[in-house]
Every structure is written in C-alpha cells, then in structure tokens.
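# Examination of the molecular architecture
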Number of protein chains: 2
Amino acid sequence: MFCSKACEYAIRSMIFLADQSQNDIVPISKLSQELEISFTFLTKVLQQLTEKGYLISYKGAKGGVCLGKAPEEISLDDIVQAVSGHNMKSICATGNPDCDGLHPCPLHDRWQPIQKMLGDFYKETNLENYKVSLIDKLIK
Amino acid sequence: MFCSKACEYAIRSMIFLADQSQNDIVPISKLSQELEISFTFLTKVLQQLTEKGYLISYKGAKGGVCLGKAPEEISLDDIVQAVSGHNMKSICATGNPDCDGLHPCPLHDRWQPIQKMLGDFYKETNLENYKVSLIDKLIK
DNA sequence: AAGAATAAAGACTAATTTGTCTTAAAATAA
DNA sequence: TTATTTTAAGACAAATTAGTCTTTATTCTT
C-alpha cells in the first residue's frame, strides 16, 4: 500500500537478517522460504540493496547475504530509497508533485503533521530499534 | 504514493466540487481542464463515485456532476473506499495482510500509532473540514 | 579436478494500473 | 425535429510492477 511489494520484501528480509543472533550469512533461498517470497524475485530485489552497500553478498556454496552495515545505520528510509528510488519525506495527500509550503494543495495544512510523523518514522526506525514501540520511546 | 492515481484524482475532483460556492453542476471536461487530468480517464474514475452516491451526474447539454451528499458526509476514506475498494484503517508497514494484535509483524508495535493517525486522518477529514489544519483543531 | 551450491544477469511473461478511442444514450437548445 | 453537449460503456493500448526462466560466474566440498 505504502511501498511497492519490492520494498515490503526488502524490509522484511532486512529485519529477518537483523534478527539473526550473529550477522550470519543467510542464503536467499532460506529468506525466500521463511518469508514466503518468490526466490528469483527476491534475488533481484536484494541485489539493489547489495549495490547500495546495505547487504554484502557471497557467491558459491555456503554463500548468501548478510547486513552490510551496523543495524543502527540502516533505516527503513534507506531501504525504501534503495529499492524504490524515493523516500517518505515529502508525500502529498493529493499526489501533487509540486505541493509545498509555497504552493500548498488544499489538504496541505491538515496533512502536514501526519506527513511529518510518517517521514520521521521511516527515518528514525532502523534495524536496531525497530522493535521498540514509539510509546515506550516516549515514556523513557 | 499512498493511493493510486485514480484515488488522487477522485480526491482532487471532490475537493474542487466542494470549493464551488453553490453545489453547482460542473462538467467533467471542466474538472479535467482545471485539474489537468485526462478527460476520459477522469470520467471513468468519477463514475465509481457516482455509483456509490457521492456524486450525482447529469447527461446532456448543461450536464456534469455535483456532490451527491452534504460535504460533511463525504470523508476522504469514503472516496478512497469507493475508488480503490479498501480503506486506510489497517495498513501493515511490512505489507503482511494478516498482521494484527494477535499476529503482529516485527514493526507492528512501533507502527501502530502512525497507523492510527493515518486512519483517523482519512476518516475524520471530510469535504467540509478539509481546510482546517489539525493543529488549529487541537487549539480549539 | 569435478561436482554442487549459490548469487548475478538478462530475456522473457503475467498482472495491474493508467490511459485512449469509439460509439451509444440522454438532455438541452435551436 | 435536428444538432449539440454531455455522461456512460466497452474495447483497446501503453506503462508499470511483479514474477519466471535460463544461463553464467563464483565459491566451496570432495
């Protein structure tokens, strides 16, 4: 809904990898089984993350992929950006690409606080803190 | 991004109609010119709103469309629902269709407050109050 | 060295969304 | 009545996204 399927698959895969106790090398075939995603399609999606350095891939027997950076250095926004080419920072509720403070669409003022929360969520959520609910975060 | 193009066009059209001083009949050709949307495509999109009663359409010379209900009775969620067949109430950040409190995806807890704000925004924003910013609303 | 396991790459297919074209039906205006 | 203006409807085309298939390159195991 928000992202493409490719983005969703990427996010799910990265979280799965972050959940491994060590930063183990996991074959894409295993990811595809565990997450119930087509193997060949997932391979293509993850290649985009490898190109950007968010994954490291190893060919050959015992090969696979593992995180290319520390979990706290990979945000959801990074993943979306790498796979779909855009981020979640400036989304207009009416789909007007030129909508901004100077040329606001009719929903601009009302939409803005939501937009900000969304942008922050994707930017601030990373593979280290993704489990922490925002409510817990506020309590602390 | 959030909605399909069709949804965005529908929302823009409905807001344009709500902006007319009277609930005037506006030909789709005028909507398509003002909003810079393909006429034939827009016609098909708006037909879906007519079917659900959110628009009334008039054929023939001097024909066009006008709102089918009072502006405060048409929410953004209604429009999205009519055009895309789903609403904004339960969107999982990882695209898992079965994600809920009992079977949460890894992002569930963190995503939930955002999800709620989004759902509320679409439900509570209607063609009467869409101009009022949520910040103004809180101040009142 | 040979075989097996794995990612990479590219061509291809399928599904969905977006958009066009044409004709018909209805209402107004002359 | 006839011409004009408009929505409705359906077939079609184009673009985008999703997914498959096949081959190659690389690495490990034996």
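## Some thoughts on the overall build of chain A
The helix and strand tally for chain A stands at six helices and two strands. Each helix and strand of chain A, ordered N terminal to C terminal, gives the series α-α-α-β-β-α-α-α. Dimensions of chain A, computed from C-alpha atoms along their principal axes, come out at roughly 55 × 35 × 25 Å. Relative to its full complement of 140 residues, chain A shows a buried share of 46%. Across chain A, the fraction of contacts at a sequence separation of at least 24, relative to all contacts at a separation of at least 6, is 58%. Working note: accessible area of chain A is about 7300 Å², and carbon and sulfur atoms make up 52% of it. The averaged location of the 17 negative side-chain charges in chain A is 4 Å from the averaged location of its 15 positive side-chain charges.

## Some remarks on the domain arrangement of chain A
Here chain A is partitioned into domain 1 (5–67) and domain 2 (87–139). Placing the centre of domain 1 of chain A and that of domain 2 of chain A at their C-alpha centroids yields a distance of 27 Å.

## Describing the interface of chain B and chain A
Between chain B and chain A, the residue contacts involve 33 residues of the former and 32 residues of the latter. Summed over both sides, the interface of chain B with chain A buries roughly 3400 Å², with 72% coming from carbon and sulfur. Linking chain B to chain A there are eight residue pairs in polar contact (both at pLDDT 80 or more). Looking at the side of chain B that touches chain A, the elements with two or more residues in it are α1 (5–19), α5 (108–124) and α6 (134–139) of chain B. The element contributing the most residues to the side of chain B that touches chain A is α5(B), with ten residues. Residues that form the side of chain B that touches chain A fall into these classes: 20 nonpolar, six polar and seven charged.

## Concerning the relation of the copies chain B and chain A
Here chain B sits on chain A after a turn of 180° about the axis and a move of 0.0 Å along it, with an RMSD of 0.0 Å. When the rotation and shift are considered jointly, the pair of chain copies conforms to a two-fold rotation axis. Proximity to the rotation axis, assessed at the C-alpha, singles out B:Phe2 in chain B; its C-alpha lies 2.6 Å from the axis. Here 97% of the contact residues of chain B are again contact residues in chain A; the copies associate through an equivalent surface.

## Details of the protein's contact with DNA strand D
Around DNA strand D sit 24 residues in total, of which A:Lys5, A:Ser38, B:Ile28, B:Ser57 and B:Ala61 are the nearest. Among the atoms of DNA strand D lying within 4 Å of the protein, the sugar-phosphate backbone contributes 72%. Within the side chain of A:Lys44, one N or O atom sits 3.3 Å away from a base oxygen of DNA strand D. Between DNA strand D and B:Ile28, the relevant distance is 2.4 Å, taken from a phosphate oxygen to a main-chain nitrogen or oxygen of the residue. Breaking the surface near DNA strand D down by element, the ones donating at least two residues are α1 (5–19) and α3 (39–51) of chain A together with α3 (39–51) and β1 (55–58) of chain B. By residue class, the composition of the surface near DNA strand D is nine nonpolar, nine polar and six charged.

## Thoughts on the pattern of salt bridges
Between side chains of opposite charge, pairing is possible as soon as their charged atoms come close. Residue and element names in this part refer to chain A. Tallying each qualifying case throughout the model produces two salt bridges over all chains. Of the charged contacts, one joins Asp120 and Lys116 as a salt bridge, the two residues approaching to 2.7 Å between their closest N and O atoms. On the criterion of helical spacing, the pair formed by Asp120 and Lys116 is a turn pair, its members being four residues apart in helix α5 (residues 108–124).

Definitions and limits used
Residues numbered from 1 in each chain as written. Chains lettered and ligands numbered in written order. Predicted model: local features only at pLDDT ≥ 70, side-chain atom pairs only at ≥ 80, totals over all residues. Heavy atoms only, no water. Helix = DSSP H or I, 4+ residues; strand = E, 2+ residues; numbered from the N terminus. Buried < 20%, exposed > 50% of the residue type's maximum accessible area, 1.4 Å probe, protein only. Contact = heavy atoms within 4.5 Å. Areas by Shrake-Rupley, 256 points an atom, 1.4 Å probe, with all protein chains shown as cover. Lys, Arg positive; Asp, Glu negative; His and termini not counted. Charge placed at Lys NZ, Arg CZ, Asp CG, Glu CD. Domains from an automatic or database assignment. Buried area = accessible area lost by both parts, 1.4 Å probe. Polar contact = N/O pair within 3.5 Å; in protein donor to acceptor, adjacent residues only side chain to side chain. Nonpolar A, V, L, I, M, F, W, Y, C, P; charged D, E, K, R; others polar. Least-squares fit on C-alpha atoms with pLDDT ≥ 70 in both. Near = heavy atom within 4 Å. Salt bridge = Lys/Arg side-chain N within 4 Å of Asp/Glu carboxyl O.

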